[in-house]
Amino acid sequence: MEKKYLFGTDIGTQGTKTIVVDLEGNVLASAIRNYEVIKPKPLWAEQWPDTWVKAVFETVKEVLEKSKVNPLEVAGIAISGLYGGSGVPVDKDMEPIRPCLIWMDRRAQKEVEWVKKNVPLDKLFEITGNYVDSYFGFTKIMWIRNNEPENWKRIYQFISPKDYVIYVMTGENAIDYSSAGNLGGVFDLRKKYWSEEMCKILNIPMSMLPERMVKSADVVGRVTKEASELCGLAEGTPVIAGGIDAPVAALSVGVLEEKSHVAMVGTSTCWGVIHRGGNITPKLVSYPYVAYDDEIIYTFGGSATTGGLATWFRNEFGQKELEFEKAIGISAYKLLEQEAEDIPAGSEGLIVLPYFMGERSPIWDPNAKGTIIGLTLYHTRKHVYRAILEGAAYALRHNMDEGMKAGLELAPECIMTGGVAKSKLWVQIFADVTGFPMRIPVEDFEAPYADALLAGVGSGVLSSYEKIKEWVKFREPVKPNPENKKIYDEYYKEYLKSYEALKEIMENLSKIAMR
Amino acid sequence: MYVIGIDLGTSGVKALLISENGDIVSRAFEEYPLYTPFPGWSEQKPEEWWEAVKKVIKVVSASVRPEEIVAISFSGQMHGAVFLDKDGEVIRPAILWNDTRTFNERAWITQKAGGESNLIQMVGNPPLEGFTLPKIIWLRNNEPENFSKLHKVLLPKDYIVYKLTGRMVSEVSDAAGTAIYDVKNRKWSEELAKILELDISIFPEVIESFDVAGKVSKKMADEIGLSPNTLVIPGGADNACGAVGNGIIKEGLFLGSVGTSGVVLSPTSQPKFDPEGRIHFFNHSVPNMWYNMGVILSAGFSLSWFKNNFAKLEGMVQEISGISAYEIINAEVEKVPIGSEALIFLPYLNGERTPHKDAKVRGAFIGISARHTKAHFARAVMEGVTYALRDSLEIMKSLGILPVEVRITGGGAKSKVWQQIMADIFKVEVKTIQVDEGPAFGAAIIAAVGSKLFNSFDEAAEKFVKLGKTIEPIEKNSRIYDELYEIFRSLYPALKDKYEKLFNIAVKTSKGDENE
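Cut-offs and rules
- Residue indices begin from 1 for each chain and proceed along its sequence in written order.
- Lettering of chains starts at A and numbering of ligands starts at 1, both following the order in which they are written.
- Owing to the predicted nature of the model, reporting of local features is limited to residues with pLDDT of at least 70; listing and counting of side-chain atom pairs is limited to 80 or more, with chain, interface and lining totals taken over all residues.
- With hydrogens and water stripped out, all remaining heavy atoms of the structure feed into the side-chain values.
- Put simply, DSSP marks the helices as runs of H or I at least four residues long and the strands as runs of E at least two long, and each gets a number from the N terminus on.
- Here the radius of gyration uses the C-alpha set of atoms, whereas the globule reference equals 2.2 Å times the residue count to the power 0.38.
- Burial here depends on accessible area, computed with a 1.4 Å probe over protein chains only, as a share of the maximum for the residue type. Under 20% is buried, over 50% is exposed, and the range in between is partly exposed.
- Two residues form a contact once any of their heavy atoms are found within 4.5 Å.
- Residue exposure ignores everything except the shown protein chains as possible cover, and the areas themselves are Shrake-Rupley values with a 1.4 Å probe.
- Charged residues are defined narrowly, with Lys and Arg counted positive, Asp and Glu counted negative, and His plus the chain ends left uncounted.
- A charged residue contributes its charge at one atom only: NZ of Lys, CZ of Arg, CG of Asp or CD of Glu.
- Between N-to-C directions, angles span 0 to 180 degrees; the directions come from axes that are lines fitted to C-alpha atoms, helices contributing only their stretch in contact.
- By definition in this entry, angles of less than 35 degrees are roughly parallel, angles greater than 145 are roughly antiparallel, angles of 65 to 115 are roughly perpendicular, and the rest are oblique.
- The handedness criterion is simple: a crossing whose near helix is rotated anticlockwise from the far helix by less than a right angle is left-handed, and one whose near helix is rotated clockwise is right-handed.
- The residue classification treats Ala, Val, Leu, Ile, Met, Phe, Trp, Tyr, Cys and Pro as nonpolar and Asp, Glu, Lys and Arg as charged. All others, Gly included, are polar.
- Just to be clear on terms, a salt bridge is a Lys or Arg side-chain nitrogen sitting within 4 Å of an Asp or Glu carboxyl oxygen.
- Accessible area that two parts lose when put together, evaluated with a 1.4 Å probe and summed over both, is termed the buried area.
- Pairing of N or O atoms within 3.5 Å defines a polar contact, subject to two protein rules: one partner must be a possible hydrogen donor and the other a possible acceptor, and residues neighboring in sequence count only if both atoms are side-chain atoms.
- A pair of strands is considered paired only if DSSP assigns at least 2 bridges between the two.
- We call a set of buried residues a nonpolar core when its members are Ala, Val, Leu, Ile, Met, Phe, Trp, Tyr or Cys and they connect through side-chain atoms within 4.5 Å of each other.
- Start and end positions for the domains come from either an automated domain assignment or a database one.
- Each patch is built from residues lacking any salt bridge and having more than 30% relative accessible area; the joining distance is 9 Å for like charges and 5 Å for nonpolar side chains (Val, Leu, Ile, Met, Phe, Trp, Tyr).

This next bit is on the overall build of chain A. A tally of helices and strands in chain A yields 18 helices and 22 strands. Here chain A has a C-alpha radius of gyration of 23 Å; the compact-globule value for 515 residues is 24 Å, and the two agree. Across its three principal directions, the C-alpha atoms of chain A cover 70 × 55 × 45 Å. Here chain A, with 515 residues, has 63% of them falling under the buried criterion. For chain A, long-range pairs separated by at least 24 residues make up 72% of all intrachain contacts whose partners lie at least 6 apart in sequence. Summed over its atoms, the accessible surface of chain A is roughly 19200 Å², and 50% of this surface lies on carbon and sulfur atoms. Treating the 60 positive side-chain charges of chain A as one cloud and the 70 negative ones as another, the clouds have centres 2 Å apart.

All names here are of chain B. Two numbers describe how helix α14 (residues 374-398) lies on helix α15 (residues 416-426): the axes approach to 10 Å, and their chain directions differ by 40 degrees. Relative to α15, α14 is oriented oblique. Note that α14 runs across α15; the crossing there is right-handed. Across the interface between the two elements, Arg 379, Met 382, Glu 383, Val 385, Thr 386, Tyr 387, Leu 389, Arg 390 and Leu 393 from α14 touch Val 417, Trp 418, Ile 421, Met 422, Ile 425 and Phe 426 from α15. Looking at the contact of α14 with α15, its residues break down into eleven nonpolar, one polar and three charged.

So, about the pattern of salt bridges. This structure, assessed with the given rule, holds 70 salt bridges over all chains. One salt bridge connects Glu413(A) with Arg439(A), and the closest N-O pair in it is separated by 3.3 Å. Linking Glu413(A) in the loop between α14 (381-405) and β21 (414-417) with Arg439(A) in strand β22 (residues 438-439), this pair joins segments that are 26 residues apart in sequence. With its nearest N and O atoms 2.7 Å apart, the salt bridge here joins Glu437(B) to Lys14(B). Of the two residues, Glu437(B) is situated in the loop between β22 (429-433) and α16 (439-450) and Lys14(B) in strand β2 (residues 12-19); the sequence distance between them amounts to 423 residues. In this structure Lys14(B) comes out as partly exposed when scored by relative accessible area, which is 21%. Through salt bridges with shared partners, one network takes in Arg33(A), Lys54(A), Glu58(A), Glu62(A) and Lys66(A).

Turning next to the interface of chain B and chain A. Taken together, the contact pairs 47 residues of chain B with 43 residues of chain A. Of the roughly 4100 Å² buried at the junction of chain B and chain A (both faces included), carbon and sulfur atoms supply 69%. Summed over the three residues of chain B that lose the most area to chain A, namely Phe310(B), Ile368(B) and Leu502(B), the buried surface amounts to 14% of that side. Joining chain B to chain A, the criterion identifies zero salt bridges. The interface formed by chain B and chain A includes 16 residue pairs in polar contact (both at pLDDT 80 or more). Of all the secondary-structure elements, those providing two or more residues to the side of chain B that touches chain A are α11 (300-310), α12 (312-321), β20 (363-368), α14 and α18 (475-509) of chain B. Looking at the side of chain B that touches chain A element by element, the count peaks at 15 residues for α18(B). In terms of strand pairing, strand β20 (residues 370-375) of chain A meets β20(B) through five bridges, oriented antiparallel. If you follow Ile373(A) over to β20(B), its bridge partner there is Ala364(B).

With that out of the way, let us pick up the nonpolar core. In this structure, Trp271(A), Phe313(A), Met416(A), Phe430(A), Phe306(B) and Phe365(B) are the most contacted members of the largest nonpolar core, which totals 127 residues. The dominant element in this core, judged by the number of residues it contributes, is α18(B), at 13 residues. If sequence neighbours within four positions are ignored, Phe365(B) has contacts with Gly370(A), Thr371(A), Ile372(A), Leu375(A), Trp305(B), Phe306(B), Leu343(B), Ile344(B), Phe345(B), Phe377(B) and Val381(B). Ranked by size, the runner-up nonpolar core spans 82 residues in total, among them Ile244(A), Ala291(A), Phe300(A) and Ile415(A).

In terms of domains, chain A is made up of domain 1 (1-84 + 215-253 + 444-473), domain 2 (85-159 + 175-211) and domain 3 (307-440 + 481-513). Each of domain 1 of chain A and domain 3 of chain A has a C-alpha centre, and the two are 33 Å apart.

This part is about a nonpolar patch on the surface. Judged by side-chain polarity, Phe324(A), Ile328(A) and Ile330(A) come together as a nonpolar surface patch covering roughly 280 Å² of accessible area. Here Ile330(A) is to be found in the loop between α12 (319-328) and α13 (332-341).

Laid out in structure tokens, this is it:
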């Protein structure tokens, strides 16, 4: 039978989404399953892999039913996922031993200190292209080793979330380059394989890392009979490796040319650029890209809170607007945004440091805190709301600047996707603060869309990655306003200095808050 | 027997008729206008004060016989300059405490006198724009015609004493705010007058707050319904009277006031003052006492700003149900842990006076994390204002003036949760006052002492001042606050330059600019 449908599935932190597309990139159906993050303690964040397996199987089944696609006409499925942090620790029978420490988990503070003290950081950077932070998976593996010796003894391997699901689907165990690279610490960015030397230094047995490493468009295995019964895909359907959700989402909006960069602005921001690997910086995260995997590097940075800031502000200070939303259906965000539009660039002297959950790149400071400075009796709620939107944009610029400082070149336009890209005002602020016109796709299908592309390339029904350019359509770019840019240039300097001035104080505050 | 206490304020005059037992028999209030002919100017007409004062006296004295009113005394807005010619006529409108036209004069005086610290040694305070001395120099520089007619400069309430008795006289607590009265040695500073080439005779004789200035003149007595035997006691500056009204008359007792602005005031029996001039040092209305005072500009103002902008739902509930938004906020704040989980507010929403003397400093929230709620912010505002008050308290402690008890007044003192915050942050017993009538009540006490209804301020305060409840500091809370207060103190130095730059950028980029 003719193979004319492609499945793409993305395992996210809060939910899993599956879509089916035809070979022209038309989305025929989609399904979502949501789930929770387990947070037993502050800084901890875990998930059981069965949650993911169940969500993937159920959404695939639902999409098949909704689209009425004949399973025999499905060319393949690719699965992308959140990075697993530690990965799923499994025993010899590939049974999970404990929940997976996910990317959000920041408990490995002592391990980070240990690495900073005992491993020459330039060496770490030279081999892995990355630095150390409790974000990286290798620190979480070390945490399990140091704190759960009973579990450690039983661990056979650490499997990334989507690779665990692929294993359940196919019985094959492999990892793609992007997922391997995102572990940090133990991955040699130039050789594109595990670093024996680093494994030794960090005391992580290399045998605990999957031996088989594949490209994101490679076929890992085929759907087994048991899996076929559970998810509805035909036995023998090719399962393609996929990759980390962030670069896969970048691919979904057609990022294929060197220097192309995309800011995914959702709850948090993930901004990344692709290049050939000549200039990288330890302030950003680098690993192989999910297309042209052996030539192209994806370097990204991002702030921990973006849309999260607006949600927090709305929930705490926009309760009246939430009541209106319930009563008449106008979004509370829209009401808050409308007010903030009247306020001039720079919010008449306010600066917000958006580190409400600590910060990832480029400052890598778990103790960083949110800050609103410059308040006077004259300032109103709308000033503060606008200043929050601006703070998120300064954070994006900060990442871009660190990339450019390291010699990374950026295309003259930035692609912008994600929920926040729906806010007209916020997108304009992003453009004005960074100076880059923002190009937004007409429709944003996110990572599953590129999973479908990878499934097509991997199964051979699509000729190349470049097909994505025909699939994606963009709106007119949102251009920066040069006058606002000038104003923001001045504020941005103070933004950077404010953090420097408060860094030590924030650390002290953190200590007090932890008690 | 009765006494009358009058507070000559900025928005109007308030009068209280009080029995010898301290009971308030009647009260009256009369407004008068404030004139702002140019930005930064602030003036009132002494004749309009006088008309208003006559009205309120008539109202409060109506219920008793004139002979039963033994004395009348005053509390007055400080620092204002009333310019009189040799016939005792007003030359021009009075220039008030909140007038800031004298920027250049302040600088000139400071330079002439060889710097701020010299001035502090000479008279006890730096000559802030609002103080009386720069206003006199301003008159000399800018209205020489008027200056040539100048015979005497009186303070606002002293002008009323003059109208009642015909005597031009001042008293120590108000003279202290002129910046040319030697607060420590209790006399006009001839040294400074000489340096500035000012004729010292333009300043009136200075007596004690509770001395008798005279009796109500026969003519006036008939006009306003007082007896010619009613004694006129000059009274004191509003802050001194506020302190007396709350029984703050001994070293160790502190006043903590959280109104729109915030005040920490404490008496001292020795002339102890801050050589850096971060807090004000004035003469008290009580015999041979002084007081130090710190002022923060946005105290209750910070909370009302927060309520109006960020507690809109609570505002809506107030409109519908009538339950005060502040009451709802207080209930929410009660649930937030001590220290607001390390969220800190800097209450410099309008620049700051004590201790920074910095018009460009601005407010901030520092240490925000995603788990902080609106209630955390509200609590942080209360705590931040209280840390700022503690700055004044710490300066006083460093001078050797140690708090035994802080009596709290003003709107903020009505909040139960804020009362406890104050006790915990000040680390000293806090007491509320039952009758919060402000400086007019203190003026009445001075009238009662001056007319010998009581032998001493102690005795009068015993009878008049009724304390409310006592709030003890909770040690484990204080320990948390001590740590956070240290951080609070480190924030101003860390952010000072940033504020200055932000201020300048904001001036350039704010909406107001479009009109230029």
